[in-house]
Amino acid sequence: MCHITQRSSTFSFPKICSIFWRFHHTSTSHWCSCSKTISDEKYQDPFQLGKKDLKNLYEDIKKELLVSAAELKEMCDYYFDGKGKAFRPMIVVLMARACNIHHNNSKEVQASQRSVAIIAEMIHTASLVHDDVIDDANSRRGKRTLNQIWGERKAVLAGDFILSAASVALARIGNTTIISVLTQVIEDLVRGEFLQLGSKENENERFAHYLEKTFKKTASLIANSCKAVSILGCPDPKVHEIAYQYGKNVGIAFQLIDDVLDFTSCADHLGKPTAADLKLGLATGPVLFACRQFPEMNAMIMRRFSKPGDVERARKYVLQSDGVQQTTYLAQRYCHAATREIRKLRPSPEREALVHLTEMVLMRDK
């Protein structure tokens, strides 16, 4: 990521929100520090390290979704096909191990902690099913969406069923604090969707609105899942906050890069149509940054790119601007914050894997 031009030192974007302002004014001499933080240490592959704890993950999820209705079972099995990377469960089990080692040098993941990983993947998938209905999407992960195959009504019910099964699994953990932490995720998902349906006329408020939506729709799940396993593994509130902040920062960075890929990746590689957000009327990071260089985009943002030619023009403006670079830079700052947090824990292979994960988030291409 260090090939990006360092325009950020002179970039005069208004005080859009406190967290961006703080990141933006961090010394630019360290702006590539995410990739440097582990340069002198042995890399730990997060997916290899979490593989043991994620064995039979999708089979266990299917057990939670055990139903007699053949069609509903077919719909659930369609998404839980075991072909995903299980990104969120992987973060959760790595965080569980890192916190356990920090607390009492325990190298085992508790059954309840692994349950949180399963629940996180179920909530995430349910949210995708519902998002696809709202967006009238026709492809997801390189294949047709549930709503395209079975129709919107059945897709909504399938998403509801997955959420209800996740709630039953959550109740089975039997810890009221964990229930409170993870049900916050579901509330945030709904509030985030409402934020996405709205827009702000004021330019300064617009970016804060975007980051809040990004947290609620994407980062809250990772942040609160990490917090939940830290609570189960360690009584120290400081550790709970470390886990939460790591998940929050990685989650926001993940979505920022996702928004970048919507402009830079081909549809076949990404597994969904490119410029999808523009077609949905959404102004993501690259658009909001580009708007500073091309003020004529303001009108398009307010009408949600609804006029013929708006989507094509907006995409052209973004690619002509430094919107992609600025959004990537902001993602780097969030990853740097995540790295700072996780390094507060005792050294462990899992801690280093979580550090390495921040690089993987920045370098991913789909």
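Rules used throughout
- Residue numbering note: each chain is counted from 1, following its sequence as written.
- For a predicted model such as this one, the threshold for reporting local features is a pLDDT of at least 70, and the threshold for listing and counting side-chain atom pairs is 80 or more; totals across whole chains, interfaces and linings nevertheless cover every residue.
- Hydrogens are left out, water is left out, and the side-chain values use all remaining heavy atoms of the structure.
- A helix here means a DSSP run of H or I that spans at least four residues, while a strand means a run of E at least two residues long, and both kinds are numbered starting from the N terminus.
- Only protein chains enter the calculation, and the probe is 1.4 Å; a residue is then buried if its accessible area is under 20% of its type maximum, exposed if over 50%, and partly exposed in between.
- Note on areas: Shrake-Rupley, 1.4 Å probe, and residue coverage restricted to the protein chains presented here.
- In the sections that follow, a salt bridge refers to a side-chain nitrogen of Lys or Arg positioned within 4 Å of a carboxyl oxygen of Asp or Glu.
- Aromatic pairs are defined between Phe, Tyr and Trp rings, using the six-membered ring for Trp, whenever the two ring centres lie within 6.5 Å; interplanar angles under 30 degrees are classed as stacked, those over 60 as edge-to-face, and all others as tilted.
- The predictor's confidence in any single residue is recorded as pLDDT, a number from 0 to 100.
- In what follows, residue pairs with any heavy atoms lying within 4.5 Å of each other are defined as contacts.
- One less than the number of residues in a helix, times 1.5 Å, gives the span that helix is expected to have.
- Two axes enter the definition of the bend at a residue: one is fitted to the seven residues ending there, the other to the seven starting there, and the bend is the angle between them.
- Patch building starts from residues that exceed 30% relative accessible area and form no salt bridge, then joins like charges within 9 Å and nonpolar side chains (Val, Leu, Ile, Met, Phe, Trp, Tyr) within 5 Å.
- Here a polar contact means two N or O atoms within 3.5 Å. Within protein one must be a hydrogen donor candidate and the other an acceptor candidate, and residues neighboring in sequence count only if both atoms are side-chain atoms.
- Axes, fitted as lines to C-alpha atoms, cover a helix only where it is in contact. Angles between the N-to-C directions of the axes lie from 0 to 180 degrees.
- Any angle that falls under 35 degrees is termed roughly parallel, while one over 145 is termed roughly antiparallel, one within 65 to 115 roughly perpendicular, and all others oblique.
- Nonpolar residues are Ala, Val, Leu, Ile, Met, Phe, Trp, Tyr, Cys and Pro. Charged residues are Asp, Glu, Lys and Arg, and all others, Gly as well, are polar.

1. Brief notes about the overall build of the protein chain
Here is step 1: Secondary structure summary: the protein chain contains 19 helices and two strands in total.
Here is step 2: When burial is assessed residue by residue, the protein chain has 57% of its 366 residues classed as buried.
Here is step 3: With an accessible surface of roughly 16100 Å², the protein chain has 52% of that area assigned to carbon and sulfur atoms.

2. Thoughts on the pattern of salt bridges
Here is step 1: Taken as a whole and judged by the stated rule, the model has 18 salt bridges.
Here is step 2: R97 is the partner of D53 in a salt bridge, and the nearest nitrogen-oxygen pair spans 2.6 Å. With a gap of 44 residues between them, D53 in the loop between α3 (46-50) and α4 (57-64) and R97 in helix α6 (residues 87-104) connect regions that are remote in the sequence. R97 carries the same exposure label as D53, and that label is buried.
Here is step 3: Overlapping salt bridges, with partners in common, bring together D60, K63 and R114 in one network.

3. Some details on the packing of aromatic side chains
Here is step 1: With the rule as written, the count across this model stands at six aromatic pairs.
Here is step 2: Aromatic side chains F207 and Y210 sit 5.6 Å apart centroid to centroid with 85° between the ring planes, which places their arrangement in the edge-to-face category. Here F207 and its partner Y210 are both found in helix α11 (residues 203-233), three residues apart, which amounts to about one turn of the helix.
Here is step 3: Residue F207 is classed as buried on the basis of its relative accessible area, which comes to 1%.

4. As for the confidence of the model for the protein chain
Here is step 1: Considering every residue of the protein chain, the mean pLDDT works out to 86; 86% of them sit at 70 or more.
Here is step 2: Per-element mean pLDDT across the protein chain ranges from 37 in helix α2 (residues 33-36) up to 98 in helix α18 (residues 323-342).
Here is step 3: For residues 1-41, every residue scores under 50 in pLDDT, and the model assigns this stretch 80 contacts once sequence neighbours within four places are set aside.

5. Here's the deal with α11
Here is step 1: The first and last C-alpha atoms of α11 sit 43 Å apart over 31 residues, in line with the 45 Å expected at 1.5 Å per residue.
Here is step 2: Its maximal kink placed at A219, α11 deviates by approximately 60°.
Here is step 3: The buried count for α11 comes to 25 of 31 residues, which makes it a mostly enclosed element.

6. Description of a nonpolar patch on the surface
Here is step 1: Taken together, I134, V190, F194 and L197 make up a surface patch of nonpolar side chains, about 420 Å² in accessible area.
Here is step 2: With three residues, helix α10 (residues 176-197) is the largest single contributor of residues to the nonpolar patch.
Here is step 3: With a relative accessible area of 46%, V190 lands in the partly exposed category.

7. Remarks on the environment of Y246
Here is step 1: Take Y246: it is sitting in helix α12 (residues 237-264).
Here is step 2: Judged by relative accessible area, which is 0%, Y246 ranks as buried.
Here is step 3: Those residues within four positions of Y246 in sequence are excluded, and the remaining contacts are I91, M95, A338, E341, I342, L354, L357 and T358.
Here is step 4: One polar contact links the side chain of Y246 to the main-chain carbonyl oxygen of L354, over a distance of 2.5 Å.

8. Considering the packing of α18 against helix α19 (residues 349-363)
Working note: a packed helix pair is described by the angle between its axes plus the distance between those axes.
Here is step 1: The interhelical angle for the contact between α18 and α19, taken along N-to-C directions, is 180°, at an axis separation of 10 Å. When the interaxial angle is binned, α18 and α19 end up roughly antiparallel. Mapping the contact onto sequence places T328, A331, Q332, C335, A338, T339 and I342 in α18 and R351, L354, V355, T358, V361 and L362 in α19.
Here is step 2: Of the residues in the contact of α18 with α19, the class split is eight nonpolar, four polar and one charged.

9. Some thoughts on unusual backbone geometry
Here is step 1: If you check the backbone angles, N56 has positive phi at about 65° while not being a glycine.
Here is step 2: Relative to the helices and strands, N56 is located in the loop between α3 and α4.
Here is step 3: Under the relative-accessibility criterion, N56 is labelled partly exposed at 40%.
Here is step 4: Positive phi, close to 60°, is recorded for N105, a residue that is not glycine.

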